[in-house]
Amino acid sequence: MSDSHRRSTPARYGAGEPEATARPGMGRSATSPPAPTGPAAAPPSTTTQSPSGRGQRPGPDQPATRPAPLAPPTGTPRPDRPEPGLPDSLRHTLWVWPALATLAVTLFEANRAQLWRDELATWSVATRPTGDLVRVLGHIDAVTGPYYLLMHGWIRLFGDSVLSLRLPSVLATAGAAALLALLGERLLGARAGLVGGLLFAVVPSTSRYAQEARPYAFAGLFAVLATLALVGAVRRPGWWRWIGYAAAVLGLGLSHLIALSLLAGHAALILLARRPRTAPTGGGSRGGDGGPWRPLLRWLVVLVPTLLLLTPLALVGRGQQGRQLDWVDPSRLGDIPVLPGGVLQGSTVGGLVVGLALVGGLSRGRRGLALGLCALLPAVLLYVGGLVSPLWVPRYLVFTVPFLCLLAGAVLAGLRMALALVVVLAAGVVGVPEQQGLRHTHEWPRSAEIDYRGAAEIIAVGRQPGDGIVYSPRTGWKFLDLGIAYQLGAHAPRDVLAVRGRRDRADLWVSECPQPASCLAPVSRVWVLVTGRKGDPLQGMPAAKADPLRAGFDTDAVWHVPGLTLALLTRRGT
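Residues numbered from 1 in each chain as written. Predicted model: local features only at pLDDT ≥ 70, side-chain atom pairs only at ≥ 80, totals over all residues. Heavy atoms only, no water.

J.: Could you clarify how one ought to interpret the overall build of the chain in this entry?
T.: For the chain, the count of helices and strands is 24 helices and nine strands. In the chain, once contacts between residues fewer than 6 apart in sequence are set aside, the share between residues at least 24 apart is 77%. For the chain, the exposed surface amounts to about 25500 Å²; the carbon and sulfur share of it is 62%. (Helix = DSSP H or I, 4+ residues; strand = E, 2+ residues; numbered from the N terminus. Contact = heavy atoms within 4.5 Å. Areas by Shrake-Rupley, 256 points an atom, 1.4 Å probe, with all protein chains shown as cover.)

This is the structure in structure tokens:
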């Protein structure tokens, strides 16, 4: 490693900390004034040689201090000095390039994959009048309420096309990439921030959740913002900085309550960043502004009211958990090996990023360890919580991906810049199959596509005035009726069995006619849309619906599209 690379170190994020102290063979501290010479030379030092002969110890009239915490990794440049191979012009626009790369990648074919079931829920709730929207939150999905309110206003301004619905997530993800570069510069050097931000742009999970009308992208944005704000508040204490941090944590909780598990990592970061306390001399007082526990106390002071503001939302969400997460299985040991691939949306890319992040966390001193715990502790908490409650969903951890990419970027930053960028590009190439798959469908596995659009196109071509439509199943989370309603709008056939709609129920489903035969009586043509590929479209349908259809209608045509079977039935004798 070159001497120029070794001499510069990043500013510590403990306020008032001294710069790197002199080490044997390394010369004076980077911030030490030049030693006087000649007649004005300094008086003889009062320090004495240590018994080991390897350093010096303070004399009797010198205060003793512990070594400065969070020493930067060897070779990490200091932000106020140019980094080898990184021009000043690039450092000054460091955040721009990851943001632009993320925009370019995530906007590519952002509207190709049709809305999937979760996004259909967003569309259904966010397009209702404000009063109806609020009523829904009293029955289901309260924890997503802040995002629904945001999308309600967005849709009124920009419409409800696929691209429009996903654009807020794209912008939030680009913002997270920009902030990630700044966080990397603050902790691990500008090269690490740049490379980590670019790596974040190309991993498949970034595109997956940027191209989704759900709040996960905002959870990632606020996770990075809160961590950056925390580093600033610890480094330069001030109540306004701590209030800014609290606001970012509030945004994190409003985006996704489970993302508040990041606070465990923040606690570890503060403990690792504790500043040394200066030993008292004579009868004097201790140095510093309150000792190493002051940042932790300030953190708790601003965090308690923030969490109190989020408590009502958490309590309502807890009451809805049984209905909303009834599909989630408990966590199992077998889930751990596949977790990187599940979170990063690709086993090869996931293994590469997590492997590099592990090296970065173990080799970049306390800073690397702190970032590593910001990624690890939320996963541990979610796994443990998943043993006793339906919480274990890998995508709930997507807010940890930026920290993994930053640690991986810190490792790659030790290479020549050109080689580091080649590795980032290679990671992007390895993830191309996953990138193609997620732009085809958001369902998992990718082979389980539900082609609402294909079914709607068939209906649009063959529909006649007075046609009705029957869906099966009407419960559960596949939302066949919402898929057709989004695709066809007012041109969709009448839902002949619906007697109480979603707005009246204040949820995501409808109530059907208790006597289907009477509700089917006025129609002569009925479209039937069911899940799966079936030769007989009435197979598996509840008898209360299937029997009157079999008795009064003939099957004219059957179509199969991915995940669905569509049939047209006409009344017998007409």
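J.: How should the packing of aromatic side chains be read in this particular structure?
T.: How two aromatic rings sit relative to each other is given by the distance of their centres and the angle of their planes. With the rule as written, the count across this model stands at 12 aromatic pairs. Taken together, a centroid distance of 5.2 Å and an interplanar angle of 75 degrees make the contact between Trp-477 and Trp-509 edge-to-face. With Trp-477 in the loop between strand E3 (468-472) and helix H21 (480-488) and Trp-509 in the loop between helix H22 (502-505) and strand E6 (511-512), this residue pair connects regions lying 32 residues apart in the sequence. The class for Trp-509 is buried, based on a relative accessible area of 9%. Grouping aromatic residues by their ring pairs yields a cluster made of Tyr-147, Tyr-148 and Phe-218. (Phe/Tyr/Trp six-rings, centres within 6.5 Å; stacked < 30°, edge-to-face > 60°. Buried < 20%, exposed > 50% of the residue type's maximum accessible area, 1.4 Å probe, protein only.)

J.: In this structure, what is going on with the nonpolar core? I would like to understand it.
T.: Where a protein is soluble and globular, its nonpolar side chains tend to be buried together. Ranked by internal contacts, the top residues of the largest apolar core, which has 139 residues, are Leu-183, Leu-199, Trp-242, Tyr-245, Trp-299 and Ile-484. The next biggest cluster of nonpolar side chains, apart from the first, holds 17 residues, and it includes Leu-497, Cys-513, Val-528 and Leu-569. (Core = buried A, V, L, I, M, F, W, Y, C linked by side-chain atoms within 4.5 Å.)

J.: Before we go on, may I ask you to explain the state of the cysteines in this structure?
T.: Such a bond, covalent and formed between the sulfur atoms of two cysteines, is termed a disulfide. Under the definition given, this model contains one disulfide. Paired through a disulfide, Cys-513 and Cys-519 show a sulfur-sulfur distance of 2.1 Å. Between Cys-513 and Cys-519 the disulfide shows an S-S torsion of about 85 degrees. By sign, it is right-handed. Assessed through its relative accessible area of 11%, Cys-513 is described here as buried. Judged by its relative accessible area of 17%, Cys-519 falls in the buried class. (Disulfide = S-S within 2.5 Å.)

J.: Would you explain the sheet that holds strand E9 (residues 564-571) in this entry?
T.: What holds strands together in a sheet is hydrogen bonding between their backbones, with the strands either parallel or antiparallel. Strand order in this open sheet of five strands is E4-E3-E7-E9-E8, and the pairing throughout is mixed. Of all the strands in the sheet, the pair left with one neighbour each is strand E4 (494-495) and strand E8 (553-561). Here helix H24 (residues 543-552) sits on the sheet and contacts E3, strand E7 (525-531), E8 and E9; the angle it forms with E8, its principal contact strand, is near 120 degrees. (Pairing = 2+ DSSP bridges. Axes fitted to C-alpha atoms, helices over the stretch in contact; angles between N-to-C directions.)

J.: Can you help me understand the environment of Arg-571 in this one?
T.: Mapped onto the elements, Arg-571 comes out in strand E9. Judged by relative accessible area, Arg-571 falls into the partly exposed class, the value being 23%. C-alpha separation for the pair Arg-571 and Arg-525, spaced 46 residues apart in sequence, amounts to 6.2 Å. Other than its neighbours up to four places away in sequence, Arg-571 contacts Leu-520, Ala-521, Val-523, Ser-524, Gly-552 and Phe-553. A polar side-chain atom of Arg-571 sits 3.1 Å from the main-chain carbonyl oxygen of Val-523. (Polar contact = N/O pair within 3.5 Å; in protein donor to acceptor, adjacent residues only side chain to side chain.)

J.: Mind showing me how you'd approach empty space enclosed by the protein here?
T.: It is a probe the size of a water molecule, rolled over the atoms, that shows where empty space is left. One pass over the full model with this rule turns up three cavities of 30 Å³ or more. For the largest cavity, the calculated volume is near 120 Å³. As for the largest cavity, its lining consists of 15 residues, of which Thr-173, Phe-200, Tyr-216, Ala-217 and Val-398 are closest to the centre. For the lining of the largest cavity, the secondary structure elements donating two or more residues are helix H7 (162-188), helix H9 (204-210), helix H10 (216-235) and helix H17 (401-412). Considered class by class, the residues forming the lining of the largest cavity number 11 nonpolar, four polar and no charged. (1 Å grid on protein atoms, 1.4 Å probe; cavity = no way out; pocket = protein on both sides within 12 Å on 5 of 7 lines; lining within 4 Å. Points joined across faces, edges and corners; volume = space filled by probe spheres on them. Nonpolar A, V, L, I, M, F, W, Y, C, P; charged D, E, K, R; others polar.)

J.: What is the right way to read the packing of helix H3 (residues 96-107) against helix H8 (residues 190-202) from this model?
T.: Axis angle and axis distance: for two packed helices, these are the angle between their axes and the distance between the axes, and together they describe the pair. One can describe the packing of H3 onto H8 by two numbers: an axis separation of 8 Å at closest approach and a directional angle of 10 degrees. Considered as vectors, H3 and H8 are oriented roughly parallel to each other. Of the residues in H8, those touching H3 at Trp-97, Pro-98, Ala-101, Thr-102 and Val-105 are Leu-194, Gly-197, Leu-198, Phe-200 and Ala-201. A breakdown of the residues in the contact of H3 with H8 according to their chemical character gives eight nonpolar, two polar and no charged. (Parallel < 35°, antiparallel > 145°, perpendicular 65-115°, else oblique.)

J.: What is the right way to look at the pairing of E8 in this model?
T.: A regular strand places its side chains so that they alternate between the two faces of the sheet. In this sheet, E9 lies alongside E8 in antiparallel orientation, the contact comprising eight bridges. Paired with Trp-559 across the bridge in E9 is Leu-566.

J.: Explanation requested: the confidence of the model for the chain in the structure shown.
T.: Note that predicted coordinates carrying low pLDDT should not be read in detail. Overall, the prediction assigns the chain a mean pLDDT of 86, with 82% of residues at 70 or greater. In the predicted structure, residues 71-80 sits below a pLDDT of 50 and forms 37 contacts with residues beyond four places in sequence or in another chain. (pLDDT = per-residue confidence, 0-100.)

J.: Teacher, can you tell me more about the pattern of salt bridges here?
T.: Charged atoms that come close allow side chains of opposite charge to pair. With the rule as written, the count across this model stands at 19 salt bridges. Beyond isolated ion pairs, a larger network of salt bridges with shared partners links Arg-474, Asp-481, Asp-495, Arg-502, Glu-512 and Lys-545. (Salt bridge = Lys/Arg side-chain N within 4 Å of Asp/Glu carboxyl O.)

J.: Explanation requested: the packing of H7 against helix H16 (residues 365-388) in the structure shown.
T.: At a minimum axis distance of 10 Å, the contact between H7 and H16 shows a crossing angle of 145 degrees. Only Arg-367, Gly-368 and Leu-371 of H16 make contact with H7, whose side of the interface consists of Leu-183, Arg-186, Leu-187 and Leu-188. Residue classes in the contact of H7 with H16 are distributed as four nonpolar, one polar and two charged.

J.: Any chance you could explain H16 here in plain terms?
T.: It helps to recall that an α-helix has 3.6 residues per turn; residues three or four apart then point in one direction. In a regular helix each residue adds 1.5 Å, so 24 residues correspond to 34 Å; H16 covers 35 Å between its end C-alpha atoms and thus fits that length. In H16, a bend of some 30 degrees at Leu-373 exceeds every other bend along the element. (Expected span 1.5 Å × (residues − 1). Bend = angle between axes of the 7 residues up to and from the residue.)

J.: Help me understand unusual backbone geometry in this model?
T.: Residues apart from glycine generally show negative phi values, whereas peptide bonds are mostly found in trans. For the bond from Trp-444 to Pro-445, the omega torsion is -5 degrees, close enough to zero to count as cis. Residue placement: Pro-445 occurs in the loop between helix H19 (432-438) and helix H20 (452-462). Geometrically, the link from Ser-472 to Pro-473 is a cis peptide bond, its omega value of 5 degrees lying close to zero. If you trace the backbone, Pro-473 turns up in the loop between E3 and H21. Despite not being glycine, Phe-479 has its phi angle at roughly 50 degrees, a positive value. Relative to the helices and strands, Phe-479 is located in the loop between E3 and H21. Using a relative accessible area of 6% as the deciding quantity, one classes Phe-479 as buried.

J.: Before we go on, may I ask you to explain the environment of Ser-472 in this structure?
T.: Relative to the helices and strands, Ser-472 is located in strand E3. Since its relative accessible area comes to 9%, Ser-472 is described here as buried. Ser-472 sits 74 residues away from Ala-546 along the chain, and the two C-alpha atoms are 10.0 Å apart. With residues up to four places along the chain from it excluded, the contact list for Ser-472 reads Leu-480, Leu-529, Val-530, Thr-531, Met-541, Pro-542 and Lys-545.

J.: Mind showing me how you'd approach the side chain of Gln-345 here?
T.: Tracing the sequence through the fold places Gln-345 in the loop between helix H14 (339-344) and helix H15 (347-363). Here the side chain of Gln-345 touches Gly-342 through a polar contact of 3.2 Å, landing on its backbone oxygen. Ignoring anything within four residues of it in the chain, the contact list for Gln-345 reads Pro-204, Ser-205, Arg-208, Tyr-209, Pro-340, Glu-434 and Arg-446.

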